[in-house]
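Summary of structural features
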Amino acid sequence: MGRRDGPVSLEFRQARPDDAAAAQAAYRQIIDHLAATAVIPHWHTENRPTPSEVQGWVEAGELYLAVDQRGERIAGLVALNHDATSAYRHASWAVEASPGEVLVVHALGVCPDFLRQGVARFLVDASLDVAREKGCRVVRLDTYVENAAARLLYARCGFTDLGVHTLHYEGTELSQFHLFERVL
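Owing to the predicted nature of the structure, the values given are computational and were not obtained by experimental measurement.

Each helix and strand counted, the protein chain has 5 helices and 8 strands in total. Secondary structure of the protein chain in N-to-C order comes out as β-β-α-α-α-β-β-β-α-β-α-β-β. Counting across all 184 residues of the protein chain, residues that qualify as buried make up 45%. Contacts in the protein chain between residues at least 24 apart in sequence constitute 69% of all its contacts with a sequence separation of at least 6. Of the roughly 9100 Å² that the protein chain leaves accessible, carbon and sulfur atoms contribute 48%.

In structure tokens:
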């Protein structure tokens with residue numbers, strides 16, 4: 001789909017069924033790194049995303065990979081679909097849009113060996129491209145309140161922060177998240 005050259009040469013593509021184990025391992029690396037550094041809290045304490053979530057995204061064609069073309073390793077991952085928690089219906093979005101017109105970003109993560117190399121921005125930009133290709137009018141996401149790095153990233157990528165909202169996700173006790181929106 002997309003390409004980026006520089007310190008890391010990346011390809012953006014949908015995960016294939018044979019990528020599932022590598023994608024699960026990549027998320028595990030991210031979770032373990034967060035547990036060791038506590039830079040971005042709570043992916044590690046919640047142990048998310050789970051292997052079954054990752055497998056489901058792969059099977060549904062919703063998981064996308066940033067692959068380092070030089071080493072053919074996963075540099076980052078993101079799940080993209082139209083599934084939003086019910087609390088999204090109550091937010092004051094700038095654009096009224098049907099679920100099919102909204103691309104929702106889930107579990108965007110960068111593998112530890114690729115941190116601070118532009119991978120997160122690459123994933124966001126590529127996700128916006130996917131939204132446009134799918135005819136979406138808007139991209140939405142949420143990030144845990146303590147994840148200052150993600151909030152800064154999304155703001156720099158042109159997303160509007162709608163503030164803190166209470167969201168409920170099955171399997172987690174976290175409930176306070178910032179909602180973000182990027183009108184296309």
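After that view, the rundown keeps rolling.
Next up on the list: the packing of aromatic side chains. Going through the model one piece at a time under the given rule, you end up with 7 aromatic pairs. Taken together, a centroid distance of 6.4 Å and an interplanar angle of 55 degrees make the contact between Tyr27 and Trp57 tilted. Of this pair, Tyr27 sits in helix 1 (residues 20–37) while Trp57 sits in helix 3 (residues 51–60), and the two are 30 residues apart along the sequence. Each member of the pair, Tyr27 together with Trp57, is buried. When the ring of Tyr154 is compared with that of Phe159, the centres are 5.6 Å apart and the planes differ by 65 degrees; the resulting orientation is edge-to-face. Owing to a relative accessible area of 6%, Tyr154 belongs among the buried residues under this scheme.

Looking now at helix 4 (residues 119–133). Look at helix 4: 21 Å from first C-alpha to last across 15 residues, which is about the 21 Å you get at 1.5 Å a residue. Those residues of helix 4 that fall on the buried side of the exposure criterion are Val119, Phe122, Leu123, Val124, Ala126, Ser127, Leu128, Val130 and Ala131. Immediately downstream of helix 4, the backbone of Gly135 shows phi near 75 degrees, a positive value.

Unusually for a residue other than glycine, Ala107 sits at a positive phi of about 50 degrees. Within the secondary structure layout, Ala107 lies in strand 5 (residues 102–110). Even without a glycine there, the phi angle at Arg116 is positive, about 60 degrees. Relative to the helices and strands, Arg116 is located in the loop between strand 5 and helix 4.

Another point: the packing of helix 1 against helix 3. Between helix 1 and helix 3, the shortest axis-to-axis distance is 10 Å and the interhelical angle comes to 135 degrees. One way to sum up the angle between helix 1 and helix 3 is to call them oblique. When the axes of helix 1 and helix 3 are compared, the crossing they make is right-handed. The residues of helix 3 that touch helix 1, namely those facing Ala20, Ala23, Gln24 and Tyr27, are Pro51, Val54, Gln55, Trp57 and Val58. Each residue belonging to the contact of helix 1 with helix 3 can be placed in one class, and the counts come to 7 nonpolar, 2 polar and no charged.

Quick notes on the rules
- Residues numbered from 1 in each chain as written.
- Predicted model: local features only at pLDDT ≥ 70, side-chain atom pairs only at ≥ 80, totals over all residues.
- Heavy atoms only, no water.
- Helix = DSSP H or I, 4+ residues; strand = E, 2+ residues; numbered from the N terminus.
- Buried < 20%, exposed > 50% of the residue type's maximum accessible area, 1.4 Å probe, protein only.
- Contact = heavy atoms within 4.5 Å.
- Areas by Shrake-Rupley, 256 points an atom, 1.4 Å probe, with all protein chains shown as cover.
- Phe/Tyr/Trp six-rings, centres within 6.5 Å; stacked < 30°, edge-to-face > 60°.
- Expected span 1.5 Å × (residues − 1).
- Axes fitted to C-alpha atoms, helices over the stretch in contact; angles between N-to-C directions.
- Parallel < 35°, antiparallel > 145°, perpendicular 65-115°, else oblique.
- Left-handed = near helix turned anticlockwise from the far one by under 90°.
- Nonpolar A, V, L, I, M, F, W, Y, C, P; charged D, E, K, R; others polar.

Read these as geometric descriptors, not functional statements.
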